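Fold and geometry: a report
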Amino acid sequence: MTPALQTGLQALSRHFAGRHVRVPRDPAKLLRLLPSELDAASAAEVCEAVGGSRLFCRKQTRTLAEARNSLIRVRRAQGATLQAIADEFGISPRHVSNILKDTPK
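Residues numbered from 1 in each chain as written. Predicted model: local features only at pLDDT ≥ 70, side-chain atom pairs only at ≥ 80, totals over all residues. Heavy atoms only, no water.

**Side note on helix α3 (residues 40-50)**
All of the buried residues in α3 are S42, A43, V46, C47 and V50. End-on view of α3: buried residues confined to an arc of 130°, all on one side of the axis. Of the residues in α3, the exposed ones pointing more than 90 degrees away from the buried face are A40 and E48. Tucked into the core, α3 has its buried residues touching α1 (3-15), α2 (27-33) and β2 (54-57). Count one or two residues on from α3 and you reach G52, which has phi positive near 90°. (Buried < 20%, exposed > 50% of the residue type's maximum accessible area, 1.4 Å probe, protein only. Helix = DSSP H or I, 4+ residues; strand = E, 2+ residues; numbered from the N terminus. Arc of directions from axis to C-beta. Contact = heavy atoms within 4.5 Å.)

**Topic: the packing of α1 against α3**
At a closest axis distance of 8 Å, the pairing of α1 and α3 adopts a crossing angle of 85°. Judged by the angle between their axes, α1 and α3 are roughly perpendicular. Across from A4, L5, T7, G8, L9 and L12 in α1, the residues of α3 making contact are A41, S42, E45, V46 and A49. Considering only residue class, the contact of α1 with α3 consists of 7 nonpolar, 3 polar and 1 charged. (Axes fitted to C-alpha atoms, helices over the stretch in contact; angles between N-to-C directions. Parallel < 35°, antiparallel > 145°, perpendicular 65-115°, else oblique. Nonpolar A, V, L, I, M, F, W, Y, C, P; charged D, E, K, R; others polar.)

**Brief notes about the pattern of salt bridges**
Tallying each qualifying case throughout the model produces 1 salt bridge. Where R75 meets E88, a salt bridge forms, and the shortest distance between an N and an O atom there is 2.7 Å. Placement of R75 in helix α4 (residues 60-77) and of E88 in helix α5 (residues 82-89) is noted, with a sequence separation of 13 residues between them. Note on R75: relative accessible area 26%, which makes it partly exposed. Look at E88 and you get partly exposed, because its relative accessible area is 45%. (Salt bridge = Lys/Arg side-chain N within 4 Å of Asp/Glu carboxyl O.)

**Some words on helix α6 (residues 93-101)**
For α6, every residue scored as buried is listed here: V96, I99 and L100. Along the long axis of α6, the arc covered by the buried residues comes to 95°, so they all point the same way. Along α6, the residues that are exposed and aim more than 90 degrees away from the buried face are R94 and K101. Looking at the buried residues of α6, the elements they touch are α4 and α5.

Now the structure itself:
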């Protein structure tokens, strides 16, 4: 994934968080939808990659939580204690335990 495509998809996600959006095939139309959040290169990349399709734009908070949870799983696999992980991420040890409970073994 190119940086321009990633930037464009993130702009869509920020603007349409939690909703479905039909991505136009024409970059000019996409730029009209997101005038202040998207540059021409990113719009062209997005339209070429997913233009004409309907996307669900996830909320950024969900994406950030999933990334944090992945880091928590890595830290636990490296041998860190629940308390150390909780202190590092600013959450309770019980919350760390609940996140790790969903980890396949």
